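Commentary on secondary and tertiary structure
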Amino acid sequence: MEGLLSEDDDLDGQKPIAFVELRNKVAHGEIARLVNTLSDFDPSAKELAAGQEMKMRKFFSEWFNTAPDIQPGNIKDHRWPDLP
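Residues numbered from 1 in each chain as written. Predicted model: local features only at pLDDT ≥ 70, side-chain atom pairs only at ≥ 80, totals over all residues. Heavy atoms only, no water.

The next thing to look at is the overall build of the protein. Within the protein one finds 2 helices and 0 strands. When each of the 84 residues of the protein is scored for burial, the buried share is 15%. Long-range contacts, defined as pairs at least 24 residues apart, comprise 33% of the intrachain contacts of the protein with a sequence gap of at least 6. Of the accessible surface of the protein, which amounts to about 7,200 Å², a share of 58% is contributed by carbon and sulfur atoms. (Helix = DSSP H or I, 4+ residues; strand = E, 2+ residues; numbered from the N terminus. Buried < 20%, exposed > 50% of the residue type's maximum accessible area, 1.4 Å probe, protein only. Contact = heavy atoms within 4.5 Å. Areas by Shrake-Rupley, 256 points an atom, 1.4 Å probe, with all protein chains shown as cover.)

The structure is reproduced here in structure tokens:
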């Protein structure tokens, strides 16, 4: 979880976690504040997206390395094994 937190995030506070708040806004199409130019390429939006991706990759890596069902190879071909 720590990998998704920004420097000023507080899990005990009332303010939403920045990663989740941004994800929700993008998922609901609320991107006007993210785009600063009229071109197809916005350097600040690219930088923001790259930072979010880095957080996601770090989180996923930490999760994967602690997930007991994944490490021994129980998931094959994107499926859990069938129950007997």
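Moving on: the pattern of salt bridges. All told, the structure shown has 3 salt bridges when counted by the stated rule. Note that lysine 15 and aspartate 8 form a salt bridge whose closest N and O atoms lie 3.5 Å from each other. In this structure lysine 15 comes out as exposed when scored by relative accessible area, which is 54%. Of the residues examined, aspartate 8 reaches a relative accessible area of 54% and is grouped as exposed. Among the ionic pairs, glutamate 30 bridges to lysine 25, the shortest N-O distance being 3.4 Å. (Salt bridge = Lys/Arg side-chain N within 4 Å of Asp/Glu carboxyl O.)

Attention shifts here to the side chain of glutamine 52. Along the chain, the position of glutamine 52 falls in helix H2 (residues 43-64). The class for glutamine 52 is buried, based on a relative accessible area of 16%. Among residues more than four places away in sequence, those in contact with glutamine 52 are Phe19 and Leu22.

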